[in-house]
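# Coordinate analysis (summary)
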2 protein chains.
Amino acid sequence: MAEGSRVCWKQCCGATKKRLPVLKWLPKYSLQWLQFDLIAGLTVGLTVVPQALAYAVVAGLPVQYGLYSSFMGCFVYFLLGTSKDVTLGPTAIMSLLVSSYASHDPANAVLLAFLSGCIQLAMGLLHLGFLLDFVSYPVIKGFTSAAAVTIGFNQIKALLGLQNIPRQFVLQVYYTFCKIGETRAADAILGLFCLIFLVGLQQMKKSIPRSHRMESFSVRISHLIVWTAATARNALVVLFAGLVAYSFQVMGSQPFTLTGATPQGLPPFQPPPFSKVTPNGTVSFQKMVQAMGDGLVVVPLMGLLETVAIAKAFASQNNYQIDSNQELLAMGFTNILGSFVSSYPVTGSFGRTALNAQTGVCTPAGGLITGAVVLLSLAYLTSLFYYIPEAALAAVIICAVAPMFDAKIFCTLWQVKRLDLLPLSVTFLLCFWEVQYGIIAGVLVSGVLLLYPIARPRIKVLNHGALVIQPASGLNFPAIEFLRETVYKQALSGPQLHSVILDCTHVSDIDYTVVLGLSELFQEFQHKRLSFIFTGLQAHVRQVLLAANLEGFCSIPNLNDAEKILKEEPCSPREVFFDDGSETILPTSGIIQ
Amino acid sequence: MAEGSRVCWKQCCGATKKRLPVLKWLPKYSLQWLQFDLIAGLTVGLTVVPQALAYAVVAGLPVQYGLYSSFMGCFVYFLLGTSKDVTLGPTAIMSLLVSSYASHDPANAVLLAFLSGCIQLAMGLLHLGFLLDFVSYPVIKGFTSAAAVTIGFNQIKALLGLQNIPRQFVLQVYYTFCKIGETRAADAILGLFCLIFLVGLQQMKKSIPRSHRMESFSVRISHLIVWTAATARNALVVLFAGLVAYSFQVMGSQPFTLTGATPQGLPPFQPPPFSKVTPNGTVSFQKMVQAMGDGLVVVPLMGLLETVAIAKAFASQNNYQIDSNQELLAMGFTNILGSFVSSYPVTGSFGRTALNAQTGVCTPAGGLITGAVVLLSLAYLTSLFYYIPEAALAAVIICAVAPMFDAKIFCTLWQVKRLDLLPLSVTFLLCFWEVQYGIIAGVLVSGVLLLYPIARPRIKVLNHGALVIQPASGLNFPAIEFLRETVYKQALSGPQLHSVILDCTHVSDIDYTVVLGLSELFQEFQHKRLSFIFTGLQAHVRQVLLAANLEGFCSIPNLNDAEKILKEEPCSPREVFFDDGSETILPTSGIIQ
């Protein structure tokens, strides 16, 4: 009895630990870990605040929504995450998707977060993560490259201070060039300066040599300063630009386009909006959901894809294992709980996860610090956001998305596998029309490339008096019409009719549509008093054909025997190995002649 | 020169005849053919008029739209059709689809016909007919069986004279039973009588014995009368019911629910409505198209599916060849031109095509007579349609759709191939929710069944000291994660690490996602100082891997050699057949150890 309850207790413990990974690492937590987690958490916090403001602009939402979306992921992932490096929060790609599905309305965006979370949770519970396997690498690359161009170009207008530019990419390019004369000099100068500053710091960070013990203290200190400045470059740029704008404001003139007033304080904790009131009346839940359309598939799936891809990449790099399924649960809970604090859909951020790993984070506890930084900025800094110039945020975004554009992939695919250029190009080009169409079309094209060999298997035709027809691979329903046409063309449409031996050596499975197609073909041959003989049937394929009860069905194990039988005189009785392996005397007239 | 122009002329002639099949058979037309075509055309005409009225009710449109849709197909198919038997026109299934996509508005239905026609024409020109191969037989059966139940039950309310029953199937069943007390006795009695009459005549037709020359003249005449009455049973029932209703009207009381006033005359010839005016303002073309949604995929595809399936069935039965592509063109033109005479989408009708074949039609010229009958009824009979009781039309529909319900298919699939019950059941059940969801879900489920073996290939793992891992079939991108996990679990996660030999004997093709996954796996093994050796690579697969430039990539043609190399002492140089077939001395440290 005591033994049983102990086993049960152990199992319960194991299951709880699997679902709450924090229970595994928290008891072992040490002071040394705390030190690293603190530094990493702070660093990521200083990056996420300016990025969140900027991504909210990409999503077409007021800037505070970026911050509302940035803290819940840190706290939930602390409890549920299986990777020490991953940080959840707003990302460039998710913001782009939100901008195209939420029609720039925070209510839609928050509801989308809630529904995406529910779908991700359900997928996690139903173990549907395998669906991600059907998104091939060329599709992902085509999508991220196009997204980098779209998001980057989208910021040019803010960098130049242009107004009234439409959202659609092609129109955007057209109008940006049309209105280039309306560029506001101050915005453009500040924006370009920020851009140069960011790129410069990024390059400096790359060129810091590995520190050696032999180096003097001052050299090491200078390296540390450069490293710190480069790591917190986004915060520095935004701070600097804000100070410049504030100085002008104090002097009584304002040459920059500013972010403007932002509501003070933390977001209220309330359920997501299941209906909304507009000047034209109340929009019901059903209408809101309908307006999101395929966003309810694309947003949760892309969210999962980003998180799982990032988690796997860093797990492999830092030598630990993640549990994809648990990651889905963490994502789902983040989005659901996030929607209660007005968050829009979030996912794993590649840039900040890399920063987290680089700064030497030891456990997901680093996220607690990051979350606290975001909450503190929301509580005390929102009034200062007024002075952040839009051009500075644009520069932050452009630097963040630039590495996502990968021109080399086109060359690589040209060298390695040209056929994969098709899904890549389709995805890349259509993403400029609408992001979601690009992804869906890419997945469909790669699906078609997968299905083509199934629908059009190679079929070998040999003419040894009787026609021998041999499909080179399986026979599935999309192939049956093709097989029928081939048989028809070869055996029944010429001046001379032929009997047919269907060699099924390579057919490992068969479905009912194929059975039906074969039986029709079979009857047509009977009708014309020609033979249609199966050879090389594998046991379970023969069983399926037998179950279909074809009248006069004849299967001969060996191809040579089948040919011999067909070559014999048509009017003498002869022995045939029937489908059940027994030998049978056939009547002289009828099926086989 | 003259020779050249003669060849050119011949080619032109051939191409024209291929596109206008009427040119092939019209020059050979004979008086005997005319006689058969006349009888068949008349017979089909007498069937199509009452069916058209009834199907318009199914489509949720005023009854005259059924007739508007019934004549264009006859004339177009006369010029463009390649099957003598097929008759195009309104059908039960297409009417059901129209009712769910056109929201009971003739303007939507006519525009849907135009757009479907354009899509079908484009598919014909682009040779996209192969898409139909992806609709498997269980999906078709599930759909037609569910449609039979839906359409049939939909008519119960008209048969019983019930009012205000919602369209959605589940609600319909519920409300029909709730309101069964409100049954109008006269409608119910007339409806049941018509039903019994129709079933009786159908059974009588089946039991007419084959006529023998020995039989007396009177017996043969009586057989002919029964056959004629049974063949024209729909027209007879509608005529009879109309007469009864008219008699009551003359006597001053009307116990039946009548069809009501129908506009007199032929439809105007005008372009389809590209926008429409409603009490709430003008609805633009874009809005109308958006409202149709996936109808623009489902309607053209189902139309093609029905026509091609029917044409193939009768071509095979009556021993002639059809050209699927030309059938698509005929369908497309019918719908486009039809939309100019207010037709809703049409397709091949199984029932009327069978009747046409049975009556001995010789050429598509029979359609001209059918079309003329429809036009004459529109011109002179519409005022009489007022008196047709709805219950009689309901009886006509129920008899027409009953044979579409096939309960046996469930047993057949259980015996022959149980897995196919899944797409069948999914399609069947979801069709009761919304027809289109049923079809789409069925196609997706059968697609998943096709893709499953691609995503999860069988992988053989042998442990001969080194692990030998052998995928049993091809390696495509959906399988790479699965392969990686298998390798990881077998070789890297246990207490003892293993080198791996990947035996690619059965891998006939490889894509870039797989290359990338393999190269990551490869690097992980290098990182851990373990070997990862490829064997059995087919020439073009090896070429793709070589093009990807994996550092230290090692392919050994023969599995035994690979095992031997791995078993040798790790620190002695040894000979390896490198990917290019040459023998090379490997350094002792590094990749292979």
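These figures come from a predicted structure and were not determined experimentally.

The helix and strand tally for chain A stands at 26 helices and 11 strands. The C-alpha atoms of chain A give 33 Å as radius of gyration, which overshoots the globular expectation for 593 residues (25 Å, by more than 25%). Each of the three principal axes of chain A carries a C-alpha extent, and together these read 110 × 80 × 65 Å. Per-residue burial over chain A gives 51% buried out of 593 residues. Restricting to contacts in chain A with at least 6 residues of sequence separation, those with at least 24 account for 75%. As displayed, chain A offers around 27,100 Å² of accessible surface, 65% of which is attributable to carbon and sulfur atoms. Charge centroids of chain A, computed over 37 positive and 32 negative side chains, lie 13 Å from each other.

Here the focus is the UniProt feature "domain: STAS" (unreviewed entry) in chain A. Those residues carrying the UniProt feature "domain: STAS" (unreviewed entry) are residues 465-550 of chain A in this numbering. Segment residues 465-550 of chain A splits into 44% helix and 16% strand. End C-alpha atoms: 25 Å apart.

All right, on to the relation of the copies chain A and chain B then. Aligned on chain B, chain A shows an RMSD of 0.1 Å; the corresponding rotation is 180° and the shift along the axis is 0.1 Å. Taken together, the rotation and translation relating the two chain copies correspond to the operation of a two-fold axis. No C-alpha of chain A lies nearer the rotation axis than that of Leu451(A), which sits 4.0 Å from it. A share of 98% of interface residues in chain A that are also interface residues in chain B marks the association as one of identical surfaces.

When the parts of a complex come together, some accessible area is lost, and that lost area is often used as the size of the interface. At the interface, 43 residues of chain A touch 42 residues of chain B. By the criterion of area lost to chain B, the three top residues of chain A are Leu450(A), Phe477(A) and Tyr512(A), representing 19% of everything that side buries. The interface formed by chain A and chain B holds 4 salt bridges in total. In this structure, the salt-bridge partner of Asp133(A) is Arg456(B), at a minimum N-O distance of 3.0 Å.

As a further point, take the sheet that holds strand β6 (residues 466-471) of chain B. Whenever strands of a sheet pair, they do so through backbone hydrogen bonds, lying parallel or antiparallel. Residue and element names in this part refer to chain B. Judged by pairing direction, the sheet is mixed, and its 5 strands sit side by side in the order β5-β6-β7-β8-β9 without closing on themselves. Each having just a single partner strand, β5 (459-464) and β9 (555-556) make up the two edges of the open sheet. Alignment of strand β7 (residues 500-503) against strand β8 (residues 532-535), held across 4 bridges, turns out to be parallel. Bridged to valine 500 within β8 is phenylalanine 532.

Further remarks concern the pattern of salt bridges. Residue and element names in this part refer to chain A. Applying the stated rule across the entire model yields 17 salt bridges over all chains. Among the salt bridges present, the one from aspartate 105 reaches lysine 276, with a minimum N-O distance of 2.7 Å. Residue aspartate 105 is found in the loop between α6 (92-101) and α7 (106-125), and its partner lysine 276 is found in strand β2 (residues 276-278); the two are separated by 171 residues along the sequence. What makes aspartate 105 partly exposed here is its relative accessible area of 22%. Taking relative accessible area as the criterion, lysine 276 reaches 15% and is therefore assigned buried.

Turning our eyes to something else, we now look at helix α24 (residues 539-547) of chain B. Residues of α24(B) that are buried include every one of Val541(B), Val544(B) and Leu545(B), and no others. Projected onto a plane normal to the axis of α24(B), the buried residues spread over an arc of 95° and lie on a single side. Those residues of α24(B) that are exposed and aimed more than 90 degrees away from the buried face are Ala539(B) and Gln543(B). Looking at the buried positions of α24(B), the neighbouring elements they touch are α20 (408-416) of chain A together with α23 (512-527) and β8 of chain B. One or two steps after α24(B), the chain reaches Asn549(B), where phi turns positive at roughly 60°.

Once that is clear, we can look at the environment of Gln203(B). With respect to the helices and strands, Gln203(B) occurs in helix α10 (residues 185-206). For Gln203(B) and Phe525(B), which are 322 residues apart along the polypeptide, the C-alpha to C-alpha distance reads 75 Å.

Right, let's get into the environment of Asn234(B). All names here are of chain B. Inspection of the secondary structure assignment puts asparagine 234 in helix α12 (residues 233-250). Classification of asparagine 234 as buried rests on a relative accessible area of 8%. Here the alpha-carbon distance between asparagine 234 and alanine 330, two residues 96 residues apart in the chain, equals 28 Å. Ignoring anything within four residues of it in the chain, the contact list for asparagine 234 reads Thr47, Pro50, Gln51, Leu198 and Val396.

Residues and elements named next belong to chain A. Domain parsing of chain A yields domain 1 (29-268 + 295-404), domain 2 (408-454) and domain 3 (457-586). Of note, the centres of domain 1 and domain 2, computed from C-alpha atoms alone, are 27 Å apart. With 22 residues of domain 1 at the interface, the matching set in domain 2 holds 18 residues. Of all residues in domain 1, Pro138, Val139 and Phe143 give up the largest surface area on contact with domain 2, accounting jointly for 28% of the area buried on that side. Taken together, the connections running from domain 1 to domain 2 amount to 0 salt bridges. In this assembly, domain 1 and domain 2 are joined by 0 residue pairs in polar contact (both at pLDDT 80 or more). Looking at the side of domain 1 that touches domain 2, the elements that each hand over two or more residues are α6, α8 (137-160) and α14 (295-317). For the side of domain 1 that touches domain 2, the leading source of residues is α8, giving 10 residues.

Here the focus is the environment of Pro300(B). Inspection of the secondary structure puts Pro300(B) in helix α14 (residues 295-318). For the pair Pro300(B) and Leu121(B), spaced 179 residues apart in sequence, the C-alpha separation works out to 9.7 Å.

Let us now look at the packing of aromatic side chains. Aromatic ring pairs: the centre-centre distance and the angle between the two ring planes describe each pair. All names here are of chain A. According to the stated counting rule, one finds 56 aromatic pairs over all chains in the structure shown. Summarising the aromatic geometry, the rings of phenylalanine 428 and phenylalanine 432 are spaced 5.1 Å apart at their centres and angled 85° between planes, so their arrangement reads as edge-to-face. A residue pair is termed a helical-turn pair when its members lie 3 or 4 positions apart in one helix, as phenylalanine 428 and phenylalanine 432 do in helix α21 (residues 421-433) at 4 residues. The exposure class of phenylalanine 428 is buried, given its relative accessible area of 14%.

In this section: the state of the cysteines. Structurally, a disulfide amounts to a covalent bond that connects the sulfur atoms of two cysteines. As enumerated under the stated definition, the model contains 0 disulfides over all chains in all. Looking at the unpaired Cys74(A), the closest cysteine sulfur is the one in Cys362(A), lying at 17 Å.

Thresholds applied
Residues numbered from 1 in each chain as written. Chains lettered and ligands numbered in written order. Predicted model: local features only at pLDDT ≥ 70, side-chain atom pairs only at ≥ 80, totals over all residues. Heavy atoms only, no water. Helix = DSSP H or I, 4+ residues; strand = E, 2+ residues; numbered from the N terminus. Rg over C-alpha atoms; globule rule 2.2 N^0.38 Å. Buried < 20%, exposed > 50% of the residue type's maximum accessible area, 1.4 Å probe, protein only. Contact = heavy atoms within 4.5 Å. Areas by Shrake-Rupley, 256 points an atom, 1.4 Å probe, with all protein chains shown as cover. Lys, Arg positive; Asp, Glu negative; His and termini not counted. Charge placed at Lys NZ, Arg CZ, Asp CG, Glu CD. UniProt positions renumbered as here; feature names shortened; annotations may be inferred. Least-squares fit on C-alpha atoms with pLDDT ≥ 70 in both. Buried area = accessible area lost by both parts, 1.4 Å probe. Salt bridge = Lys/Arg side-chain N within 4 Å of Asp/Glu carboxyl O. Pairing = 2+ DSSP bridges. Arc of directions from axis to C-beta. Domains from an automatic or database assignment. Polar contact = N/O pair within 3.5 Å; in protein donor to acceptor, adjacent residues only side chain to side chain. Phe/Tyr/Trp six-rings, centres within 6.5 Å; stacked < 30°, edge-to-face > 60°. Disulfide = S-S within 2.5 Å.

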